[in-house]
Amino acid sequence: MAKRERLKRLKRYASRRRVSKPGLPPGTLIVDPTAPRPSINLIGYGPDTLVEREIEDLDEITRAMAEFPVVWVNVVGLGDVGVIERLGKLFKLHRLTLEDVVNVDQRPKVEQYDNCLFIVARMPILDERLSTEQFSMFLGPKFVLTFDERPGDCLKPVRERLRSKRGRLRDAAADYLAYALLDTIVDAYFPIIEAYGERLEVLEDAVVRGMGRDTPARLLTVRHDLLMFRRATWPLRDMLSSLYRDETPLMSAETRVYVRDCYDHSIRLLDVIETYREVTTGLMDLYMSGVSNRMNEIMKVLTMMSTVFIPLTFIAGIYGMNFHTQKSPWNMPELEWYWGYPACLLIMAVTAAFLGYYFYRKGWLTGDSHNFADVANRMQKEARRAVDAADVKR
C-alpha cells in the first residue's frame, strides 16, 4: 500500500514538472511528450444560425470567421507544436502567449494585446483524485480561441445554451461568450466545495466521537485539496477584478457588469474555501487534543494503580523480611501472632480503600475531568452562544 502511494505521488509530480528547460529564448514552444494530440472543435453562430463541427483544415476557421458573427474554436490537447504555431499565425497571437499555453503551470491572469485579450484560468477536474488543469483563452473582436489540456471539461452548459438558444448568448458578441465560459468555470467549483463541506461534517463527527485511525490522513487530504483550490481561486479573483475594472475595446461595458457578478461569485467561493480550511485546521487540532486527552486518561489510571500498590508493596516488603524473634526481641514480633497474616491483609485492604476514597474525593475517579466528547460539545455550545451574541450586537 505504501509503495503504491509513493508511485502515485511520483506520477503526480511527473505530471506537474516543467517541460521546458531554463535559459531558453522567450517564446520557445516545447510541449509535453505525454500530452494528447490536438482535436479542434469549431462553433460558429449568430442570432439565427449555428454550425458545430470537428475540423482538420485550419482554413475552415478563416471561412467561418467571414461567415458568422462569432466563432468559438476549442482546441483539446497540446501535443502538437505545429498546430499551435499555425493557430498562432492565423489569429496573430504573440509568441509569449503561446509559450504560456503549452506551459500548463500558469496562474490565472489576464493580459491585453493589440488584437486580443489573453486569459488563463484553472478548471477543476475530477479524476482519480481532484485536480485542476489550465484553461487558456484568447478573446478577439469576433472570435474566442480556447485550449484544454485533455478531453473532458465543465463547459457543457455553455454548449447546450448555444445549441438550444437559451439566454442571450446567441445574440451577444464574443466578449459575452468569454464571460459565459469564465462564469461556468467559477460555478464548477461550488458543487465540489459543497461535497467537501459534507465530508468535513462526517470528519467532525468522527473526531468528536474519537472514531477511526485514518481520520488524520483524511483530514490532511481535505486540507491539501483545499489548499490547491485556494491557489487556483485566489489569482482567479484578481484576474476577474482586473477584467471588469480595466476598460478595453474588446469587452463592452455591459459585459463587464456580468463579469463583476462573476467576480462576486469568486469572492464567495474563496470565502467558503478559507472557512473550510480553518475548519480543517480546527478539526486537526481537536483530534490531537482528543488523542492527548485519551493518553492522559490512560496515564491517570496507570498512575493511580501504581500509587495504590506502592504502600501495599511497602507493607509486603516489611513483612517479608522474616527476622525471627528467637534471635532478638526486636525481630518481627508479628511472626508469632495468631492473626498476623489476616491482619496484614486487612491493613493492605484498608490502605487501598483509603487511597481510592481519597482519589474519589479529588474527582479523579469521577466525570469531573470530562471525556473528550463532552469537552467538544461544550466548546461547540460556547461558540454558538458567541455567534448569537455577535448577531444580536450587529
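Quick notes on the rules
Residues numbered from 1 in each chain as written. Predicted model: local features only at pLDDT ≥ 70, side-chain atom pairs only at ≥ 80, totals over all residues. Heavy atoms only, no water. Phe/Tyr/Trp six-rings, centres within 6.5 Å; stacked < 30°, edge-to-face > 60°. Lys NZ or Arg CZ within 6 Å of the ring centre and 35° of its normal. Patch = residues over 30% accessible without salt bridge, like charges linked within 9 Å, V, L, I, M, F, W, Y side chains within 5 Å. Areas by Shrake-Rupley, 256 points an atom, 1.4 Å probe, with all protein chains shown as cover. Salt bridge = Lys/Arg side-chain N within 4 Å of Asp/Glu carboxyl O. Lys, Arg positive; Asp, Glu negative; His and termini not counted. Charge placed at Lys NZ, Arg CZ, Asp CG, Glu CD. Helix = DSSP H or I, 4+ residues; strand = E, 2+ residues; numbered from the N terminus. Buried < 20%, exposed > 50% of the residue type's maximum accessible area, 1.4 Å probe, protein only. Pairing = 2+ DSSP bridges. Axes fitted to C-alpha atoms, helices over the stretch in contact; angles between N-to-C directions. Parallel < 35°, antiparallel > 145°, perpendicular 65-115°, else oblique. Left-handed = near helix turned anticlockwise from the far one by under 90°. Nonpolar A, V, L, I, M, F, W, Y, C, P; charged D, E, K, R; others polar. Arc of directions from axis to C-beta. Contact = heavy atoms within 4.5 Å. Polar contact = N/O pair within 3.5 Å; in protein donor to acceptor, adjacent residues only side chain to side chain. Core = buried A, V, L, I, M, F, W, Y, C linked by side-chain atoms within 4.5 Å. pLDDT = per-residue confidence, 0-100.

**Student:** Help me out: how do you make sense of the packing of aromatic side chains in this one?
**Tutor:** Within a pair of aromatic rings, the relevant descriptors are the distance that separates the centres and the angle that separates the planes. Summed over all chains, the structure comprises nine aromatic pairs. Residue placement shows R230 over the ring face of W234; its charged tip is 4.7 Å from the ring centre. Stacked on the ring of W234, the Lys or Arg R237 has its end atom at 4.4 Å from the ring centre.

**Student:** Please clarify how a negative patch on the surface should be interpreted in this entry.
**Tutor:** Taken together, E54, E56, D57 and D59 make up a surface patch of like negative charges. By the element assignment, D59 lies in helix α2 (residues 59-67).

**Student:** Please explain a nonpolar patch on the surface as it appears in this structure.
**Tutor:** A surface patch of nonpolar side chains, about 670 Å² in accessible area, is lined by M295, I298, M299, V301, L302, M305 and F309. One can find F309 in helix α8 (residues 253-319). On the basis of relative accessible area, F309 is assigned to the partly exposed category, the value being 49%.

**Student:** I would appreciate a short explanation of the pairing of strand β6 (residues 130-139) in the present structure.
**Tutor:** For a regular strand, side-chain orientation follows a simple rule: the groups alternate between the two sheet faces. By the criterion of burial, β6 is predominantly enclosed, with nine of the ten residues buried. Bridge analysis of β6 against strand β7 (residues 143-148) gives five bridges, and the strand direction is antiparallel. Note that in β7 the partner of F135 across the bridge is D148. Following β6, the chain reverses through three residues before pairing antiparallel with β7.

**Student:** I'm lost on the packing of helix α6 (residues 174-209) against helix α7 (residues 215-245) in this one. Help?
**Tutor:** Angle between the axes and distance between the axes: these two values describe a pair of packed helices. At a minimum axis separation of 11 Å, α6 and α7 run at an interaxial angle of 155 degrees. Here α7 runs roughly antiparallel to α6, going by the angle between their axes. Considering only the axes of α6 and α7, their crossing is left-handed. Its residues assigned to classes, the contact of α6 with α7 comprises 20 nonpolar, three polar and three charged.

**Student:** Explanation requested: the pattern of salt bridges in the structure shown.
**Tutor:** A side chain with one charge can pair with a side chain of the opposite charge if their charged atoms come near. For the structure on display, the rule yields 15 salt bridges. Notably, a salt bridge pairs E60 with R53, separated by 3.1 Å at the nearest N-O pair. Overall, the relative accessible area of 18% leaves E60 in the buried class. For R53, a relative accessible area of 31% corresponds to the partly exposed category. We note a salt bridge from E133 to R150, for which the minimum N-O separation is 3.1 Å. Residue E133 is found in strand β6, and its partner R150 is found in the loop between β7 and α5 (156-164); the two are separated by 17 residues along the sequence. The class of E133 is buried, set by a relative accessible area of 0%. The structure contains a network of salt bridges with shared partners spanning E52, E160 and R163.

**Student:** What is the right way to read α5 from this model?
**Tutor:** Because an α-helix packs 3.6 residues into every turn, residues spaced three or four apart end up facing the same way. Along α5, the positions that sit buried rather than exposed are V158, R159 and L162. Down the axis of α5, the buried side of the element spans an arc of 100 degrees, and every buried residue falls inside it. Looking at the buried residues of α5, the elements they touch are β1 (39-45), β2 (50-55), β3 (70-76) and α6. Once α5 ends, the next one or two residues include K165, with phi positive near 60 degrees.

**Student:** So what exactly am I meant to see when it comes to helix α3 (residues 81-91) here?
**Tutor:** Taken residue by residue, α3 has V83, I84, L87, G88 and F91 as its buried positions. An end-on view of α3 places all buried positions within 140 degrees of arc, on one side of the element. Residues of α3 that are buried in the fold lie against β1, α2, β3, α4 (95-102) and β7. For α3, the N-terminal cap is D80; the gap from its side-chain oxygen to the backbone nitrogen of G82 is 2.9 Å.

**Student:** What should I look at first to understand the packing of α2 against α3 in this one?
**Tutor:** Relative orientation of the contacting elements α2 and α3 amounts to 30 degrees, with a least axis distance of 11 Å. On the basis of their axis angle, the class for α2 and α3 is roughly parallel. Judged by the twist between their axes, the crossing of α2 over α3 is right-handed. Contact with α2, carried on its side by I61, T62 and M65, involves L87, L90 and F91 of α3 and no other residues of that element. Class assignment for the residues of the contact of α2 with α3 results in five nonpolar, one polar and no charged.

**Student:** What exactly am I supposed to notice about the side chain of D100 here?
**Tutor:** In this structure, D100 sits in helix α4. Residue classification places D100 among the buried positions, given a relative accessible area of 13%. If we ignore the near neighbours within four places in the chain, the residues touching D100 are Q106, K109, E111, F118 and Q134.

**Student:** I tried to follow the nonpolar core on my own but got confused; where do I start?
**Tutor:** Nonpolar side chains in soluble globular proteins tend to end up buried together. In terms of nonpolar packing, the biggest core is built from 61 residues, with W72, L177, L181, F229 and L240 touching the most fellow members. When residues of this core are assigned to their parent elements, the largest contribution, 20 residues, is made by α6. If sequence neighbours within four positions are ignored, F229 has contacts with L130, Y189, I192, I193, Y196 and I273. Formed by 28 residues, the second largest nonpolar core is a distinct cluster that contains I55, L78, L93 and L98.

**Student:** Just checking my understanding: could you explain the confidence of the model for the protein for this structure?
**Tutor:** Where the model shows low pLDDT, its predicted coordinates should not be examined in detail. Averaged over every residue, the pLDDT of the protein is 81; residues scoring 70 or more account for 82%. Of all the helices and strands in the protein, helix α1 (residues 2-16) carries the lowest mean pLDDT, 48, while β7 carries the highest, 94. Predicted confidence is poor over residues 13-17, with pLDDT under 50, and the contacts of this stretch with residues over four places away or in other chains come to zero contacts.

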